[in-house]
Structures are given as C-alpha cells and as structure tokens.
Amino acid sequence: MTDPWSRRAFLSTAGGGALWLGVPRARAGDGPATDTDVYETMRAVWRGLYLGAGFPATSEPFRSRLAELGEQAEGWRAAMAPAPGALWPDLGFATDPEKMMQSYYRLRTMAEAYVRPGTGHTGETALRTALLTGLDHLHTEVYHAGRAPYGNWYCWQIGAPQALLDLCVLLQADLTPARIADHCAAVDHFVPDSVVASYGGTSTGANRVDLCRVLALRGVVGADAGKIALARDALAPVFPYVSSGDGLYRDGSFVQHTWVPYTGTYGAVLLGGLGMLFALLRQTPWEVTDPGAQIVFDAVERAWAPFLFNGLVMDAVSGRAVSRGVSALDARQIQQDDHARGHAVLAGILLLAQSASSTERARWRGLVKGWTDRAYYSPPMADQTLGLAALARLAEVAADPGVAGLPEPVGHRLFASMDRATHRRPGWAASLSMASQRIAHYETGNGENLRGWHTGSGMLAWWGSTYGNGQYSDAFWPTVDPYRLPGTTVSRLALADGAGGDWGASRPDAVWVGGTTDGEFASVGQHLRGLGSTLTARKSWFFLSDTIVCLGAGIRSTDGAAVESVIDNRNLGAAGTHALTVGGTVQPAALGWSASFPSPGWAHLAGFGGYVMSGTGTFKALREARTGRWSDINRGSATTPLTRRYLTLWYDHGTDPVAAGYVHQVLPGATAAQTAARAGSTGWLRVLANTGAAQGVSVGSLGFTGVNFWQAGTVGPLEASAACSVTVRERPDGTAVVSVADPARALAALTVVWDRPVAAVVSRPPSVVTAEPGSRLRLGFGDLTGAAGAGQQVVVRLG
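Basis of the calculations
- Residues numbered from 1 in each chain as written.
- Predicted model: local features only at pLDDT ≥ 70, side-chain atom pairs only at ≥ 80, totals over all residues.
- Heavy atoms only, no water.
- Buried < 20%, exposed > 50% of the residue type's maximum accessible area, 1.4 Å probe, protein only.
- Helix = DSSP H or I, 4+ residues; strand = E, 2+ residues; numbered from the N terminus.
- Contact = heavy atoms within 4.5 Å.
- Core = buried A, V, L, I, M, F, W, Y, C linked by side-chain atoms within 4.5 Å.
- Pairing = 2+ DSSP bridges.
- Salt bridge = Lys/Arg side-chain N within 4 Å of Asp/Glu carboxyl O.
- Phe/Tyr/Trp six-rings, centres within 6.5 Å; stacked < 30°, edge-to-face > 60°.
- Lys NZ or Arg CZ within 6 Å of the ring centre and 35° of its normal.
- Axes fitted to C-alpha atoms, helices over the stretch in contact; angles between N-to-C directions.

Trainee: Which residues make up helix 10 (residues 294-304), and what values go with them?
Mentor: Among the residues of helix 10, Ile-295, Val-296, Phe-297, Ala-299, Val-300, Ala-303 and Trp-304 are the ones counted as buried. In the core, the buried residues of helix 10 are packed alongside strand 1 (247-248), helix 9 (266-281), strand 4 (308-309), helix 11 (338-353) and helix 12 (358-373).

Trainee: Can you tell me about the nonpolar core, naming the residues and giving the values?
Mentor: Judged by nonpolar contacts, the single largest core of 153 residues is most densely connected at Tyr-104, Leu-107, Met-110 and Tyr-143. In this view, Tyr-143 contacts Met-100, Tyr-104, Leu-138, Trp-156, Ala-160, Pro-161, Leu-164, Ala-186, Val-187, Phe-190 and Val-191; residues no more than four positions away in its chain are not counted. By size, the runner-up hydrophobic cluster in this structure holds 40 residues, among which are Tyr-467, Val-524, Phe-619 and Val-666.

Trainee: Tell me about the pairing of strand 33 (residues 768-772), and please be specific about residues and values.
Mentor: Two faces make up the sheet, and in a regular strand the side chains alternate between them. In terms of strand pairing, strand 33 meets strand 34 (residues 777-781) through four bridges, oriented antiparallel. Looking at strand 34, one finds that Val-768 is bridged to Phe-781. Counting the residues that bridge the hairpin from strand 33 to strand 34 gives four residues, and of these Gly-774 lies at a positive phi of roughly 140°.

Trainee: Tell me what's going on with the environment of Gly-661, and back it up with residues and numbers.
Mentor: Structurally, Gly-661 can be placed in strand 23 (residues 660-668). A sequence separation of 478 residues divides Gly-661 from His-183, and the C-alpha atoms of the two residues are 62 Å apart. Leaving out residues up to four positions away in the same chain, Gly-661 has contacts with Gly-552, Ala-553, Ile-555 and His-653.

Trainee: Break down the environment of Cys-550 for me, with residues and values.
Mentor: Mapped onto the elements of the fold, Cys-550 is located in strand 14 (residues 548-556). A residue is classified by how much of its surface remains accessible, and Cys-550, at 3% relative accessible area, is buried. As for Cys-550 and Lys-539, which are separated by eleven residues in sequence, their C-alpha atoms are 7.5 Å apart. Not counting residues up to four positions away in its chain, the partners in contact with Cys-550 are Leu-460, Ser-540, Trp-541, Tyr-662, Val-663, His-664 and Val-666.

Trainee: Give me the lowdown on the pattern of salt bridges, citing residues and values where you can.
Mentor: Tallying each qualifying case throughout the model produces 37 salt bridges. The residue Glu-396 makes a salt bridge to Arg-365 at a minimum N-O spacing of 3.0 Å. Taken together, the residues Glu-396 in helix 13 (residues 388-398) and Arg-365 in helix 12 connect sequence positions 31 residues apart. This pair shows no difference in class: Glu-396 is buried, exactly as Arg-365 is. Among the ionic pairs, Glu-520 bridges to Arg-729, the shortest N-O distance being 3.3 Å. Within this pair, whereas Glu-520 is found in the loop between strand 11 (513-517) and strand 12 (522-529), its partner Arg-729 is found in strand 29 (residues 724-730), the two being separated by 209 residues in sequence. Look at Arg-729 and you get buried, because its relative accessible area is 12%. Through salt bridges with shared partners, a single network forms among Asp-188, Asp-193, Arg-218 and Lys-227.

Trainee: Could you give me a rundown of the packing of aromatic side chains, with the residues and numbers involved?
Mentor: A complete count under the given rule lists 24 aromatic pairs for this structure. Counting every residue linked through ring pairs, the aromatic cluster contains Tyr-104, Tyr-143, Tyr-150, Trp-156 and Phe-190. In this arrangement the basic side chain of Arg-570 is found over the ring face of Trp-462, its NZ or CZ atom lying 3.8 Å from the centre. Positioned above the aromatic ring of Trp-684 is the side chain of Arg-678, whose terminal nitrogen or guanidinium carbon lies 3.6 Å from the ring centre.

Trainee: So what's going on with the sheet that holds strand 35 (residues 792-798)? Which residues, and what values?
Mentor: Pairing is antiparallel in the open sheet, where seven strands are placed in the order 24-25-26-29-30-35-32. Two strands in the sheet have a free side with no partner beyond their single neighbour: strand 24 (686-690) and strand 32 (758-763). Strand-to-strand, the axes of this sheet are offset by a mean angle of 15°, without reference to chain direction.

Printed below as a string of structure tokens:
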C-alpha cells in the first residue's frame with residue numbers, strides 16, 4: 001500500500017509565476033536589465049516549470065518514477081563512451097543529427113536525476129562529472145559556433161538547443177561562465193535572430209513557439225534582455241487566426257506543415273510551449289500583453305476539447321505521430337499512443353491555465369479532472385511518457401476536492417478548414433477524417449507513417465464511454481490492414497511506402513469536402529479521389545442521435561484492382577473473441593473465418609455496437625489475426641512483432657466498378673436487440689437520394705433532413721441552385737434551423753428552397769440577401785467564397 005499524500009503538498013506546483021513574489025524586477029522596457037536578480041529569478045521560474053515542485057517524492061507514483069529516473073541516468077552514465085562522432089556507442093551523430101539531439105536528451109535526463117531529490121543520485125559527483133564531460137564533448141565535436149549543420153534542421157534549431165539550454169539552467173551552479181558563454185554562442189550560431197525575422201517556412205505555428213522558447217531561454221541563460229524581447233515579439237504572428245497554411249482557424253482547426261491537421265501533436269507543442277513562455281515572462285519587463293493571445297486561450301475549448309475523449313486525443317489530428325509507437329532507441333519499450341498524447345494535452349491545458357483568467361482556469365481544471373477521472377483504459381497517473389512536472393500538475397487537480405470533474409461535451413463540430421469532424425453523444429464519440437486540395441490524405445516524412453495512405457479517405461473512428469477506448473491504442477496502426485481503415489473507400493491497388501510524397505504532398509484534386517451542422521446533428525460529405533489510383537466516389541455521413549448514417553455513391557475506378565468500402569474494422573486485441581451476430585445468428589469465432597451476407601441486413605459485434613446495412617448487394621465479414629511491427633510504418637521504431645485480432649465488415653465493389661454504392665448505419669454501443677429493432681424499423685430512416693448528383697436522408701422523429709448536393713437539383717423537400725450542403729432541424733417549439741454551406745468555396749450566389757410552410761424568418765446571417773417565407777421558404781445567398789466552408793444558419797418560425 002502506497003503512502004497517502006495530500007493536496008497541500010502540491011500547492012507550489014500552481015506555477016512558476018508564484019516565484020516572483022517579493023523579487024526585484026527589471027525596469028520596464030527592452031534594454032539591458034540592470035538587476036541580475038531578474039535573470040536569476042527567471043532561471044528559478046524555469047526550473048520550477050520544467051521540474052515541477054512540491055510533489056511528495058516519497059509517495060506513489062512519484063517514488064517509483066524518481067527511482068526509475070535514477071536507474072536510467074545511472075545506466076546512461078555507465079554506458080557513456082566519448083569518441084569521435086559519438087558520446088554513446090549507439091548514438092553516432094557524425095551523419096545523423098537526430099542522434100546528436102538524442103544525446104542532449106539523455107544528458108538532460110541525467111541532469112534531472114542529478115538535481116531532483118529521490119533519485120538515488122542527487123548531487124552525485126560521478127554523475128556531475130559525466131554531465132560536464134558529455135556537454136564538453138558534444139560542444140567540441142558537433143554543437144559549437146562555426147559548425148555547419150547537416151540533416152534535419154529541427155535538430156539544430158529546436159531539439160538540441162532546447163535541451164542544451166535546459167541543461168544550462170539545471171546545472172547553472174556547476175557550469176563556469178566560460179562554459180555558459182560557449183553554449184550561448186553555439187545557440188546563437190544555429191539559432192540566429194533571423195529565424196524569426198519573417199513568419200513563414202519552418203518558422204510558423206508550433207515551430208515558431210519552439211524557436212521563441214529557444215530565444216527566450218537563451219536570453220535568460222545569457223542575461224540578454226534583447227533576446228528575451230525578441231522572443232516575446234516574435235510570438236505575435238502565432239496569435240491571429242489564419243485563413244490558409246499553419247495556425248489556428250476561426251472554426252477551431254489547427255494546421256501545421258501547411259496541409260496537415262495537427263491539433264493533437266504540433267498543437268500540443270504550441271499549447272505547452274506558450275504555457276511555459278507565458279509563465280516565464282509573467283510579471284517581468286517582457287510579459288506577453290498582446291491581446292491576440294486571447295485567441296489561444298479561446299482555443300482550449302474551440303480547438304483542443306472537441307478532440308479529447310476519456311483522456312485520449314483523437315488520432316485524426318495527430319498526423320504522422322500515430323506511427324511512432326515504440327522508439328527503437330527506447331530500451332524500456334514505452335508506447336506513445338492516443339492516450340499518451342492526450343495526457344500531454346491535458347497537462348498543457350493546466351500549464352496554460354496558470355496565465356488564464358480565473359474563470360477560464362476554474363473551468364479548464366474541471367474539464368481536465370473529468371477527462372482524467374474517465375480515463376479508465378490508460379490512467380494519466382500511470383503514464384510512463386509523462387514527465388514528472390506534467391504528472392504533478394495532473395495529480396494536483398485530481399487531488400483537489402474543490403474541483404468537480406465536468407462531463408464530456410455533447411454536440412457536433414465541423415472543422416471545415418482541416419477536413420475533420422467530431423460527433424459527441426451521451427455515451428460515445430466519433431471522428432471523421434477527409435482530404436481535399438486543402439488537406440492531405442496523410443502525412444509521411446522522416447521515415448514516419450509510411451502506410452497512412454488512406455487516412456483521409458473517410459476514416460470513421462469511434463469510442464464508447466466505457467468500451468473501445470483501446471481501439472486505436474493497442475498496436476492498431478502497425479497491425480491493421482492499411483487498405484481497410486474503418487469507414488474508408490479505397491482501391492486495393494498496391495502502394496509503396498510513403499506513396500504520394502512527404503510533408504502532406506498527397507492532396508487530392510477535390511474541393512467539395514465539408515458540410516453543415518446545427519451544433520448537434522450534421523450532414524457531411526466528401527468528393528473522394530483515391531491516393532495513387534483512379535478511384536472517385538461521393539461519400540456522405542449523417543451524424544444523428546444514436547447513429548451515423550453512411551452513404552456511398554458513384555464509386556468508380558479503372559485501376560484493374562478491387563475497390564472496397566469498409567463498414568468497420570474493429571481491433572479485438574491480442575486474444576479477443578467478441579461474438580458477431582448477423583441477422584440473429586451468432587457466427588463462428590474461429591480465426592480465418594469469413595462469409596458474405598445479403599443486404600439489407602444487420603450485424604452486431606459484442607462489446608462494441610451494431611450495424612444496419614440498408615442497401616442492395618452483399619457485405620462481407622472476416623476474422624483474422626494480423627502481425628506487424630512499428631518499424632513497418634516508422635523506420636525509427638521498434639522491430640518487435642505484434643499480433644492483434646480484427647473483425648472486419650466491408651463491401652466488395654469488385655474490380656473496376658462503374659457506379660457502386662452503399663447505405664448503412666453505425667450504432668455505437670447498441671445491443672443486438674436494439675440493432676435488430678433499428679433494422680426492422682424501415683420507416684425510421686428515409687434515404688432521399690444516393691447518387692453522384694446528391695445524397696440525402698430524413699428522420700421524421702428527429703425533425704432532421706440533410707442533403708449534400710453535388711450539383712444543382714431537388715431532393716425531397718429541398719432544392720438548391722448549385723452544389724452545396726443543407727441541413728434542416730425542426731424543433732419542438734415550432735421553429736427550425738436551416739444550415740447551408742458551400743464546401744467547395746466557389747459560389748458567388750446560391751438559392752435554396754425548402755418546401756415547407758414558414759411563417760417568418762427569425763434570424764439570418766449577412767450572407768442571406770433575400771429571405772422569402774410563405775408556403776415554402778426561399779433563401780438567396782450572396783457570395784459564399786469567403787465563408788471558408790462554414791455553415792450559414794437561418795432560424796425560422798414554422799407556419
């Protein structure tokens with residue numbers, strides 16, 4: 001039994017800014033500070049931010065983590081063997097700067113063990129000697145002024161200098177002024193002021209924040225007020241909303257590398273980096289006072305919260321990081337996954353909260369506590385990837401009886417600027433990944449995410465509140481069939497690793513991607529063009545109360561390869577035997593079993609939910625065990641073979657289909673009886689259209705009608721003069737919301753007609769230039785090209 005610990009022990013983890021109390025400040029302004037205590041205190045603030053403070057080192061999980069830290073540091077100290085081109089035999093950096101960067105990371109970990117109490121090596125002479133030897137060796141061999149960089153720029157300008165400057169702060173008392181000056185000169189050489197002279201290239205978004213962190217800490221370590229002022233000022237371009245490229249968008253999207261949704265990884269770096277910098281500069285002459293910074297605070301709930309569920313962050317916004325899994329350099333074989341990435345975001349929110357308003361801070365702490373409390377599959381306090389400071393922040397909130405955990409938000413969010421959507425209902429949540437001229441199918445680069453080809457082909461991921469939270473965490477990415485990602489329509493044409501090109505080059509020639517939502521339900525569509533194939537299709541999803549209605553039409557290909565649409569592909573774990581029931585009959589559980597079933601029909605997978613297939617033709621099912629390695633999809637990852645079992649449901653459209661299609665529902669958490677009842681309730685859902693011209697459905701009991709018009713036409717009660725998306729929700733109070741969007745961003749004018757008596761228009765946006773109620777509603781929209789695919793909502797009173 002571990003020792004109990006109290007919230008009182010954590011009070012000093014509330015933030016480094018508290019260290020400023022009673023400390024003399026430098027004069028206001030950006031010139032040289034006259035009071036060296038300012039820099040000393042800023043170094044102390046950074047130590048507090050980086051290390052955390054006040055947590056009970058003798059209680060779990062901190063006691064064990066500190067002991068592990070000590071063991072790791074001692075192992076690296078013992079293995080250190082300085083030689084030309086290497087500090088450790090396994091990290092030869094003569095041609096690989098990433099190994100140089102990893103060498104600094106190891107030294108930083110060793111420095112933590114040296115300065116932290118409870119590691120068994122605190123203040124140890126042998127460890128101190130090794131640290132100084134290692135720093136001198138790296139400086140002499142590779143990271144010094146005058147050396148020409150080679151390889152990945154990130155290692156020279158962000159990874160290595162961040163670790164080096166952290167080391168300078170942690171080891172300040174052990175480094176001579178000459179050593180400090182040499183290290184500062186090295187940073188100045190590789191990270192000159194010019195890296196933030198313009199906002200572009202690799203100096204945008206999260207990368208810009210990382211560069212500012214380097215410049216600010218370089219100023220603190222070297223007592224250079226100009227560097228700190230430069231870092232503060234260089235943050236300014238990060239704050240405003242963008243309409244293209246890297247950064248935060250008004251709809252909550254976050255993009256990095258120009259074409260890639262990255263809220264979960266680069267977004268997390270931006271979140272945590274700004275939290276650190278805001279806290280470091282707080283109450284100093286260089287405090288961030290730019291009012292644009294509020295956009296970042298607003299983004300906590302606009303950009304990050306929609307993608308967090310039970311402590312995980314959805315893979316739809318984590319780019320190539322989904323392939324990292326277990327690093328080949330990690331002897332402990334600790335896995336990075338959606339939960340680990342989510343925990344880092346939670347800790348980042350708490351870090352940013354230190355500089356937020358009291359109202360924001362209180363709400364965010366409640367949100368974080370709720371996500372932490374519900375993280376049953378991967379509890380944050382057991383996360384081996386979290387640093388001790390992050391762990392301490394999460395533990396402090398968890399132990400605070402004054403913080404009530406807030407529930408998961410319910411609603412639909414459509415992120416038109418990054419071709420993503422999230423749907424959240426009581427008991428489950430889903431995410432949808434698409435691609436267009438604006439957003440890549442997937443990102444590969446640096447040998448990572450080599451087989452993520454079809455992620456943007458309509459991947460539909462979902463989780464239950466009490467089930468399926470390990471669906472994509474449990475070795476999913478190295479073992480899943482990459483041609484059968486759930487929800488996607490793909491050609492089985494073989495693709496090479498990294499097909500489509502690095503850094504988001506795999507963008508399809510498609511513009512109609514997006515949809516409409518009233519904030520609860522939604523109509524979303526994708527003009528799909530396959531990666532490396534001739535495949536084209538129209539796909540639509542209608543997100544409703546207990547189901548996602550999935551339509552496919554106009555599926556065509558001339559590749560000479562089979563084309564499939566995946567209803568779902570469930571990861572059953574290493575030994576799962578979840579029962580599959582089809583039409584009331586339990587199917588065999590043996591591995592290798594497969595069968596075809598007529599449609600209309602239904603299926604239920606125990607422990608997950610149900611599926612109702614309403615179209616014609618057949619659907620297939622397969623149980624299989626698949627073996628893969630993280631190194632198969634990421635060249636820097638572990639080679640250990642992993643095996644997981646899968647249950648796959650899909651439509652086989654055959655080779656070179658001409659006009660194939662499908663209709664089905666996904667019902668997360670439904671029982672077999674509920675699934676059968678939905679299949680038998682033929683009047684519950686009406687499919688109004690499912691062609692290459694339009695796709696639409698209506699559900700009378702929900703007052704819902706949604707149509708994705710791929711071209712001008714009439715579908716059910718809706719008529720559109722051009723391609724657009726329309727969602728109508730009739731409310732019990734006699735009003736209705738009509739949402740209209742131009743996902744292609746091409747319309748200078750649009751007319752939408754709803755064949756329903758309307759007494760009056762209650763409200764309308766400026767984009768509506770004419771509104772004619774009466775026996776039917778006629779809406780005239782002006783130029784929608786500047787709306788960035790966002791929905792235009794009109795509220796009416798029904799006649």
